[in-house]
Every structure is written in structure tokens, then in C-alpha cells.
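This is what each chain is made of:
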2 protein chains.
Amino acid sequence: MLQPHDTASQDPILTEPRLTPLDRLAGSLGQRVYLTLRHAILSLAYRPGEILRKPEICAELGVSRSPVSDAVARLAAEGLVDVIPQAGTYVARFSMEEIREGAFLREAIEVAAIELVARTITDEQLVILRRNLVVQAALLADNDFAGFYKLDGEMHELLLSFTGYRKLAAVSDTAWAHVNRARQLVLPVPGRVAATLAEHRAILSALEARDPDAARSAIRSHLRQLVTYLEPLERSHPDLFNP
Amino acid sequence: MLQPHDTASQDPILTEPRLTPLDRLAGSLGQRVYLTLRHAILSLAYRPGEILRKPEICAELGVSRSPVSDAVARLAAEGLVDVIPQAGTYVARFSMEEIREGAFLREAIEVAAIELVARTITDEQLVILRRNLVVQAALLADNDFAGFYKLDGEMHELLLSFTGYRKLAAVSDTAWAHVNRARQLVLPVPGRVAATLAEHRAILSALEARDPDAARSAIRSHLRQLVTYLEPLERSHPDLFNP
DNA sequence: ATGCGCTAACATGTTAGCATGTTACAGCCG
DNA sequence: CGGCTGTAACATGCTAACATGTTAGCGCAT
């Protein structure tokens, strides 16, 4: 099956393979296409407002339109794309209303979760959290902001998993997706990142004290920080927002 | 296009048209099939654990498999059906864990919402709520439990809409779906329904007083009532629950 | 009689092609 | 020169047929 002159891979200048890593993922084709597209949208490789050409995606991934349509339908249910029947599919633009709603929903879930966790957390779970925070501090010392945000997300995921409920993290992530997508437009401010670490330490302290009220206050003030940093985006990047 | 002897509609004995009302709904075929199937599952017309035969559904609705597959994929994302690749699709059985998780999620959302609403509710919104409660009382007086539950759901929907966030109700409904599906197995206890109305009145009173703490307590105790009534179901209907 | 293996039916995942409606551009008229 | 209209390209929704893996039942050997 040698193809000495593959037509598609011969023009590295014109075609932009974008960010569509080959599918070495698990699950059905539809699932893999969904994960690939979702990552591309959340990482802003596909820009808000941009049109999604299904035939183009089909050719780029080497699959037919059904799994792509399936994936797009799921993304539409999450609000990450807008499908206009018989017209086109577009990457959802940002909307301050959706960002605020996602933040509200995540706060509601995490506040309820941490009130529960503060009463039930075990010593082993506290050890896991402390370990996570140590790594956070190390990454911050190295100015590795990408790594820090990754550990940040893992910490929230850990807190939600400690409730024993398995789907909480998925709902929270879906809500937070819009916020996180917009966050990438904000350059990391070192002082702010350090403050974030301090807020994480406050959350841990409240959990160590098994104090639900303190934990609620800590995580609430932590979550409300970010949205204020996103407000100016609507003015600085008006083309990426809904009219 | 007359068909004097339609083959499919001629055997009212053997075939069970189940609850698949003809699609006089809006939207694309996939959307309408989704709504039809969702209603059938939530109303227990399709019993938990039962197999869903896509070809059967296609024949019954007169559509092809794509819109049905689309609808089933969405139901799977909601956890209402379990798709086993290349094997079969089954209506999700009840699971106490999912019921408790759904109740937890709804409580988290509604508590956060009502704390906000208690501070921002307008007089017009209070009028709408009072009107809803008057109808609830009338339906209770007539022992119209189905109507009462409908108004109950509308009241919660109203409260969430008063936050100004548009998708809260949808998330809450998705979480609550499992609980509501199981609730239909519990016969309505007149005394319990009257107590529910009293709880609704307590919620309204807290909102009239614009007291967030009282509103939170009221809606919390209200939501926690139902789950306790569902606990015995796992013993009385073991065949409808996950192993 | 029972346990194992094979085979045939079946259900889903995927693919290619058709139908329908929208959008954009080019040409024409005022 | 500007606005309108008609046509052509295009994107999605849907349908029908193919490929792949599973399940269940039957038959055979032990």
C-alpha cells in the first residue's frame, strides 16, 4: 500500500492541519471525533464565530459525515457550536451571559460539594490534596502557568470526586467550559496566580479544620475571582463575542 | 395517495402502539424523535431494563435510523438509555446512586438560585408565584394529583427563571429526571401532597420576606422530602433497579 | 445428560448518495 | 452607479445499503 506521492500530504504550505491530532483515543469513531473537536474548540484552535465545514473535517480525519454529525450534535447540546439548519455550523462565540451562567452553576455545585466534603473528608483524601498543592507551588516557582492551571483543574476535580458522586465533575466541567475557553485570552498575571495558590491553601485549611462554613466562603471567593478578570474581554475582543 | 388497506394499521390486537404520539411537534426529525422517546421513557411507557429496538421505532414513527440514532445518542448522554456497542440499547434501570446524585445536583442549583432570587425578586414575580400556588391549592382540593405535580414543576421552573439564567432549568430538569421517573412508582399520599403545598407556601413566604436564609432552608427541606419516599422502591421493585 | 463450540440471526457503527433549504455572487434593470 | 433578481454552489437533514461485532440457540462430542 505504498503511495510514493500522496497528494494530500504534499502541500505543507497551503493546508493548515490545524489541531486535529490523530485518533489514538478510545471509543467509537463518533466519540473520538467528539473529543478531538471539543479539544480543538476549547483550546481556541477553532476560533469563536468561525464556520465549521463538515466535509473539511471528514477529509482531515478520514471518516464519513455520520460520526462528525454525531459529534457536532453533542457539541451543540453543550452550547459549544451553533448549528443553523441547512445553512452552516459555527463555533459558538463568547457571551458574557453564558460565562456568568457557567460560573454561577459551577459555584452552586462546588459550594454544595465542599460543604458535604468538609464534613466527610478522610485523612487519606487530605494527603492527596496536600500533595497536589505541593506540586502547584513547585510549578508556580518555575513559572509553568500551563502546568499550574492543569493542577488547578485536577484539584477541583478531586474535591468533587470526594463527594462520592461520579457525574458532578462532568456537569461542572461542561458549565465551566465557556469560562475556561475565555480565560485563555487573559495573559497570566504572576501576582494573580500566586493569589490563586493562596486561595487554594485557604480551601485546604478549611477542609483540614472540617469547617463547612469556612470551606464554602473560601471556595466561593476563589471562584468569583476569575469572572471579574473576564469582564474586560468583551471590550478588548468584541469580534469574539455575541452581538 | 389513498391506501385503502394500510397493512400497519390493520392489526390493533397484536401490535402495541405504545405511547408514541404522532409527531406534531416542532423542530427537525431528530429533535421530535428525541422528545417522543424521552417522554415515553420518563412516563415509564418504556420500562427500565427493556430493550429499545431501533428498527421497531423506525417502523412505528415512519422515519429512518439516523434521526433515531441521533435521539438515542442524546438520551444516552442524559443517562436515560444505555447503549452497548454492537449489542443493543436498553432503557436505563433506576439506581439509587443516580437518584441521590440527581437530587443533590438539583438541590445545589435551586439553593443557589433561591438565595439569589430572594434578594432580587420583583413584585410582579411574586404575583406570578402566588397565582401558581392558588391553582395548586385548587387542584389539591379536587384531588387532581397529576395536575398538582405539573404545577409543582412549573413553580420550580419559575423560580429558576427568575435568576435570569436561561439554561439552569434545563440542567436541573436533566438531573431531576431520574428522580421524577422513580417518583411515578410511588402512589400519591394525600397527606404528603398537602404537606408539599405547605412547603411551597413556606418558600413563597420566605421570598415575600426577601429572606435568603429562610428561603434556602425552606427549599432544602422541601427537596429532601421526596428522596426519603423513594428509598423503599429498591426493595419493592428490585427488577427495575441496577444490580 | 451436560458442557462446549459453531453458526445464523441480529443490532449497532459506518459509509455513500439523495432531497431540501439557504447563502452568496453575478448579471441586469432602473 | 446602485439596488434587485435569478441562478448556482453549498451545507445540512435524511435515507438506504454495507461492515462489524455480539448474542442466542442448536447440535455434537464427551
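Here we summarise the structure given alongside this text. Computed from a predicted structure; not experimentally measured. (Residues numbered from 1 in each chain as written. Chains lettered and ligands numbered in written order. Predicted model: local features only at pLDDT ≥ 70, side-chain atom pairs only at ≥ 80, totals over all residues. Heavy atoms only, no water.)

### Observations regarding the sheet that holds strand β2 (residues 81-84) of chain A
Residues and elements named next belong to chain A.
Then comes step 1: What the three strands build is an open sheet, ordered β1-β3-β2; its pairing is antiparallel. In the strand order of this sheet, the two ends are held by β1 (51-52) and β2, each with one partner.
Then comes step 2: Note: β2 against strand β3 (residues 88-91), four bridges, orientation antiparallel. From the neighbouring strand, I84 faces β3, where its bridge partner is G88. (Pairing = 2+ DSSP bridges. Helix = DSSP H or I, 4+ residues; strand = E, 2+ residues; numbered from the N terminus.)

### Brief notes about the protein's contact with DNA strand D
Then comes step 1: Surveying the vicinity of DNA strand D reveals 18 residues, the closest of which are R65 and T89 of chain A together with L29, S64 and S66 of chain B.
Then comes step 2: The sugar-phosphate backbone supplies 63% of the atoms of DNA strand D found within 4 Å of the protein.
Then comes step 3: For DNA strand D, a phosphate oxygen lies 2.9 Å from a polar atom in the side chain of T89 of chain A.
Then comes step 4: Between DNA strand D and S64 of chain B there is a distance of 2.9 Å, counted from a phosphate oxygen to a backbone nitrogen or oxygen.
Then comes step 5: For the surface near DNA strand D, the secondary structure elements donating two or more residues are β3 of chain A together with α1 (29-42) and α3 (65-78) of chain B. (Near = heavy atom within 4 Å. Polar contact = N/O pair within 3.5 Å; in protein donor to acceptor, adjacent residues only side chain to side chain.)

### As for the relation of the copies chain B and chain A
Then comes step 1: You can overlay chain B on chain A at an RMSD of 0.1 Å; the transform is a turn of 180 degrees with a shift of 0.0 Å along its axis. What the rotation and shift describe, once combined, is the action of a two-fold rotation axis. No C-alpha of chain B lies nearer the rotation axis than that of A108 of chain B, which sits 2.8 Å from it.
Then comes step 2: With an isologous cut-off of 70% or more, the 100% of interface residues of chain B that recur at the interface of chain A puts this contact in the isologous class. (Least-squares fit on C-alpha atoms with pLDDT ≥ 70 in both. Contact = heavy atoms within 4.5 Å.)

### Looking at helix α4 (residues 96-120) of chain A
Working note: α-helix, 3.6 residues per turn, so residues spaced by three or four point in the same direction.
Then comes step 1: Along its 25 residues, α4 of chain A runs 36 Å from first to last C-alpha, staying within 8% of the 36 Å computed at 1.5 Å per residue.
Then comes step 2: Most of α4 of chain A is tucked away: 19 of the 25 residues are buried. (Expected span 1.5 Å × (residues − 1). Buried < 20%, exposed > 50% of the residue type's maximum accessible area, 1.4 Å probe, protein only.)

### Some details on the pattern of salt bridges
Then comes step 1: Evaluated as defined, the whole model comprises 30 salt bridges over all chains.
Then comes step 2: The shortest N-O distance in the salt bridge between E208 of chain A and R130 of chain A comes to 2.7 Å. Of this pair, E208 of chain A sits in helix α8 (residues 190-208) while R130 of chain A sits in helix α5 (residues 123-141); the two residues are 78 residues apart in sequence, bridging distant segments of the chain.
Then comes step 3: Across the salt bridge formed by E56 of chain B and R53 of chain B, the nearest N and O atoms sit 3.8 Å from each other.
Then comes step 4: Assessed through its relative accessible area of 39%, E56 of chain B is described here as partly exposed.
Then comes step 5: Residue classification places R53 of chain B among the partly exposed residues on the basis of a relative accessible area of 46%.
Then comes step 6: Shared partners join several salt bridges into a network, and the residues in it are E107, R220 and R224 of chain A together with E115, D213 and R216 of chain B. (Salt bridge = Lys/Arg side-chain N within 4 Å of Asp/Glu carboxyl O.)

### Here we look at the interface of chain B and chain A
Then comes step 1: Each side of the interface is counted separately: chain B has 24 residues, and chain A has 24 residues.
Then comes step 2: Across the chain B to chain A interface the summed buried area is about 1,900 Å²; carbon plus sulfur atoms make up 65%.
Then comes step 3: Sorting the residues of chain B by area buried against chain A places E101, F104 and Y165 of chain B first, and these three jointly supply 33% of that buried surface.
Then comes step 4: Counting across the chain B and chain A interface gives four salt bridges.
Then comes step 5: Along the contact surface separating chain B from chain A lie eight residue pairs in polar contact (both at pLDDT 80 or more).
Then comes step 6: When contributions to the side of chain B that touches chain A are tallied by element, the ones reaching two or more residues are α3, α4 (96-120), α7 (168-183) and α9 (212-230) of chain B.
Then comes step 7: Of the residues that constitute the side of chain B that touches chain A, the class distribution is eleven nonpolar, two polar and eleven charged. (Buried area = accessible area lost by both parts, 1.4 Å probe. Nonpolar A, V, L, I, M, F, W, Y, C, P; charged D, E, K, R; others polar.)

### Examining the sheet that holds strand β2 (residues 81-84) of chain B
Then comes step 1: Reading across from one edge, β1-β3-β2 (chain B) is the order of the three strands in this open sheet, with antiparallel pairing throughout. The outermost strands of the open sheet, each flanked by one partner alone, are β1 (51-52) and β2 of chain B.

### Considering the nonpolar core
In a soluble, globular protein the nonpolar side chains are often hidden away together inside.
Then comes step 1: Counting residues in hydrophobic clusters, the biggest one holds 38 residues, and the most contacted among them are L129, I203, L207 and L230 of chain B.
Then comes step 2: For this core, the elements supplying multiple residues, two or more each, are α4, α5 (123-141), α6 (145-161), α7, α8 (190-208) and α9 of chain B.
Then comes step 3: Discounting residues that sit within four places of it in the chain, L129 of chain B has contacts with I121, M155, L158, L159, F162, L204 and L207 of chain B.
Then comes step 4: Judged by nonpolar contacts, the second largest core, of 24 residues, contains V111, F148, L197 and I219 of chain A. (Core = buried A, V, L, I, M, F, W, Y, C linked by side-chain atoms within 4.5 Å.)

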